[in-house]
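Structure at a glance
Chain by chain, the residues run as shown.
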Amino acid sequence: MIKLLRSMFSPSAETSTLKSPSDDLLDALTGPQSAAGKSVTPDTALRVAAVYSCVRILSDTVAALPFNVYRRQGDGDREVASKHPLQMLLHDLPNEEMTSIDFRTQLMAALQLRGNAYSEVERDRAGRVRGVWPVNPDKVWVGRSERTRRLVFEIHDGDIRTLPPERMWRIAGLSTNGIVGLSPISQAREGIGLSLALEEHGARLFSNGARPGGVLEVEGTLSDPAYERLRSSWSARHQGGANAHKVAILEDSTKWKQIGMSAEDAQFLESRKYQLREICAIFGVPPHMVGDLEKATFSNIEHQSIQFVVYSLLPWLKRIEQSVFRDLLSPMERQQYYAQHSVEGLLRGDAKARSEFYKNLFNAGAISINDMRRLENMNQIEGGDQHWLQINMAPITQSRESGGSNSGDDNA
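In short, a report on the structure. The residue count restarts for each chain, going from 1 along the sequence in the order it is written. Per-residue local features are limited, in this predicted model, to residues with pLDDT of at least 70; the limit for side-chain atom pairs, both in listing and counting, is 80 or more; totals at the level of whole chains, interfaces and linings are taken over all residues. Calculated side-chain values reflect all of the structure's heavy atoms, with hydrogen atoms and water omitted.

1. A look at the overall build of the protein chain
A helix here means a DSSP run of H or I that spans at least four residues, while a strand means a run of E at least two residues long, and both kinds are numbered starting from the N terminus. Along the protein chain, the regular secondary structure elements total 15 helices and eleven strands. Think of it in three bands: with a 1.4 Å probe and only protein chains considered, a residue is buried below 20% of the maximum accessible area for its type, exposed above 50%, and partly exposed in between. For the protein chain, the proportion of its 412 residues judged to be buried stands at 33%. Partitioning the intrachain contacts of the protein chain with sequence separation of at least 6 by distance along the chain shows that 59% fall at a separation of at least 24. Using the Shrake-Rupley algorithm and a 1.4 Å probe, accessible areas are obtained, with residue cover drawn only from the displayed protein chains. For the protein chain, the exposed surface amounts to about 26,100 Å²; the carbon and sulfur share of it is 53%. Residue contacts are counted whenever heavy atoms from the two residues lie within 4.5 Å of one another.

Here it is as C-alpha cells:
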C-alpha cells in the first residue's frame, strides 16, 4: 500500500483527483475491484464465511500448539530452556498486553490475509529480547539501505519510524523474492470476489421472498398516484423473507408475470459449494473442517486431518521456527538453542491407533512407561523411566541349528 501511494503521488505519476480518480487511486481508497464488481481486501474477504473459517482454523490451530525453546545437550538429547528469556515470550507472554495464544493467533491471521507478519522487537541494553509487539503489515515498507545493503523497515503509523533488522521479527508466506510474501487475498481476488457477489445475490434473493423479479401487467395506462400506490403496496406485502409465500390479491385485470430464472436453474447453490471448496484449496484446509462433509467418510476423514497437519500446518510452523532462529536468537545462541512446535498431539490418531503405536515402541525398548504417560498428559510414576526389551526372540539361524541338533538326538 505504501509503495502504491508513493508511486501515485510521485511527480511522474498520472494526474488523479477525487473528481476524476485513476484506477490506482480507486484501488487505494476502496480496495482492488474484482471482475464481479466487488472490492476485495483482507477486511472484506473475512465477510466470506469460507475465508473466515479457513483463517480461524489455521490461526487457532497454530496458536494452540505448544511452542518451546530447546537447548541442545552434549549427548544429542535436548531439554526445554526454561530459563531462556525467549521461552517465556513464546510460550506464555510475548508482551505486557498479550498472551501467547492471542499473539500467535494474530500472527497467523496476518500471514493468511496479507502474506506477511511483522513484530517490533524490544531489546534491553545487552541486546536480549524483552518483548515482541505486532505491527500491521499494511503499515510496513521494506527496503534496503544503499550504504550497508541491509534491510530496513519503515513503519508508517502516524509518524515514520525506521527500524534495523535486529528490531524486526518478520515472517513471509509464499514469496517470489524471499523477503516479502504474496497476499493470498490479492492473488485469489477473483475467486473471493465471486464469493462475495454470490452471497450478496443470495441475500437479495431472499430479501425479495426468494423469488426473482417480475412485472405486474395492467390494462391501459396508470396515473402517477395509481402507479406509486400499486408499487408500494406490492412491495410492502411481498418483499422480504417474512413475506414469502403470502397470497397476492390483484385488482381488476392486473396480472403477475414472473421473469428470470430460479436459483436452482441458475445453479446458485452449486456455485456456492464450488466457491467454498476453491477457497479451502487456496488456504490448504480440508473442506470437512469448514463444514462441508459431502466428500468426507469415516474411512478418510482421519487421513485428511493428518494431511492437513503435514501439508498445510508444517510449512507454516517451519517458517515461524526458522524466523525465530534468524531474528530472535544471537549468533552465539544459535549454536545451542532453537524453537520448535509440538505437533504429536495432532498426529496421534484415535485411542486404538495410539495404543498400538505405543505398544510397538515400548516392546522395542524405544520408549518408557513415563514417555507414554507424558505424551498422554499424565503424571509420571516411580520407576517408569526404565526401558524394557523383549528377550523371547532369537536369530533364525540359531533356531535352525537348535532344530537340527534335536533331530539328530531323536534319531539316535
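2. Concerning the nonpolar core
As a rule of thumb, nonpolar side chains are buried together in soluble globular proteins. Note on terminology: a nonpolar core comprises buried Ala, Val, Leu, Ile, Met, Phe, Trp, Tyr and Cys residues joined through side-chain atoms within 4.5 Å. Counting 51 residues, the largest nonpolar core has Val51, Trp169 and Phe283 as the members making the most contacts within it. Setting aside anything within four residues of it in sequence, one finds Phe283 in contact with Val51, Cys54, Val55, Leu58, Gln112 and Ile185. In this structure, Val142, Leu151, Ile155 and Leu163 belong to the second largest nonpolar core, which totals nine residues.

3. Focus: helix α10 (residues 268-283)
Take the residue count of a helix, subtract one, and multiply by 1.5 Å to get its expected span. Compared with the 22 Å implied by 1.5 Å per residue over 16 residues, the 23 Å span of α10 between its first and last C-alpha is a close match. Taken residue by residue, α10 has Phe268, Gln275, Ile279, Cys280 and Phe283 as its buried positions. When α10 is viewed along its axis, its buried side chains cluster within an angular range of 140° and face the same direction. In this structure, α10 carries Tyr274 and Ala281 as exposed residues pointing more than 90 degrees from its buried face. Backbone geometry just after α10 places Gly284 at a positive phi near 75°. What the arc covers is the set of directions going from the helix axis to the C-beta atoms.

4. A word on a nonpolar patch on the surface
Within the patch definition used here, like charges are joined within 9 Å and nonpolar side chains (Val, Leu, Ile, Met, Phe, Trp, Tyr) within 5 Å, considering only residues with over 30% relative accessible area and no salt bridge. Salt-bridge detection follows one rule: a side-chain nitrogen of Lys or Arg within 4 Å of a carboxyl oxygen of Asp or Glu. On the surface, Val310, Tyr311, Leu314, Leu346 and Leu347 cluster together into a nonpolar patch covering about 420 Å² of accessible area. Mapped onto the nonpolar patch, the elements with two or more residues apiece are α11 (301-327) and α12 (344-347). Looking at where Leu314 falls in the secondary structure, it is placed in helix α11. Given the relative accessible area of 30%, Leu314 is considered partly exposed.

5. Here we look at the packing of aromatic side chains
A pair of Phe, Tyr and Trp rings is counted when the ring centres sit within 6.5 Å of each other, with Trp represented by its six-membered ring. The angle between the planes then sorts it: under 30 degrees is stacked, over 60 is edge-to-face, the rest tilted. Per the stated rule, a full pass over the model turns up four aromatic pairs. Where Phe103 meets Trp169, the ring centres are 5.9 Å apart and the plane angle is 25°; that geometry is what we call stacked. Here Phe103, found in helix α6 (residues 100-114), pairs with Trp169, found in strand β8 (residues 168-172); they are 66 residues apart in sequence, far enough to count as distant. Charge-over-ring contacts are defined here by two conditions on Lys NZ or Arg CZ: a distance within 6 Å of the ring centre and an angle within 35 degrees of the ring normal. The aromatic ring of Trp316 is capped on one face by Arg319, whose charged end is 4.8 Å from the ring centroid.

6. Let's talk about the sheet that holds strand β6 (residues 151-157)
Any two strands with at least two DSSP bridges between them are considered paired. With antiparallel pairing, the three strands of this open sheet are ordered in space as β5-β6-β7. Of all strands in the sheet, those bounded by a partner on one side alone are β5 (140-144) and β7 (159-163). Neighbour to neighbour, the strand axes of the sheet diverge by 25° on average, direction disregarded. Bridge analysis of β5 against β6 gives five bridges, and the strand direction is antiparallel. Here an angle of 0 to 180 degrees is reported between the N-to-C directions of two axes, which are lines fitted to C-alpha atoms, with helices fitted over the stretch in contact.

7. Looking at the sheet that holds strand β2 (residues 78-80)
Read from one edge to the other, the open sheet built from three strands follows the order β2-β1-β11, with strand pairing classed as antiparallel. With one partner strand each, in any of the chains shown, β2 and β11 (337-341) form the two edges of the open sheet. Sheet twist, expressed as the average angle between the axes of neighbouring strands with direction ignored, equals 40°. Direction of pairing for strand β1 (residues 67-72) relative to β2: antiparallel, over a ladder of three bridges. In the strand pairing of β2, Arg72 is matched with Arg78.

8. What about the pattern of salt bridges?
Evaluated as defined, the whole model comprises twelve salt bridges. The closest approach of N and O atoms between Asp138 and Arg114, which form a salt bridge, is 2.9 Å. Residue Asp138 is located in the loop between β4 (129-135) and β5, and its partner Arg114 is located in helix α6; the two are separated by 24 residues in the primary sequence. Classification of Asp138 as partly exposed rests on a relative accessible area of 36%. The residue Glu120 makes a salt bridge to Arg161 at a minimum N-O spacing of 3.1 Å. Here Glu120, found in strand β3 (residues 116-123), pairs with Arg161, found in strand β7; they are 41 residues apart in sequence, far enough to count as distant.

9. Side note on the environment of Leu389
Among the structural elements, Leu389 can be located in the loop between α14 (369-375) and α15 (396-411). Classification of Leu389 by relative accessible area gives exposed; the value is 58%. What Leu389 contacts, discounting residues up to four positions off in sequence, is Asn363, Ala364 and Gly365.

10. Things to note about the side chain of Ser368
Within the secondary structure layout, Ser368 lies in the loop between α13 (351-363) and α14. Using a relative accessible area of 1% as the deciding quantity, one classes Ser368 as buried. Those residues in contact with Ser368, other than ones at most four positions away along the chain, are Phe362, Gly384, Asp385, Gln386 and His387.

11. Some thoughts on α11
Compared with the 39 Å implied by 1.5 Å per residue over 27 residues, the 38 Å span of α11 between its first and last C-alpha is a close match. The sharpest bend along α11 measures roughly 45° and falls at Leu313, with the proline Pro315 sitting one to four residues further on. Burial in α11 covers these residues: Gln304, Phe308, Val309, Ser312, Leu313, Trp316, Leu317, Ile320, Glu321, Ser323, Val324 and Asp327. Bend, in this description, refers to the angle at a residue between axes fitted to the seven residues ending there and the seven starting there.

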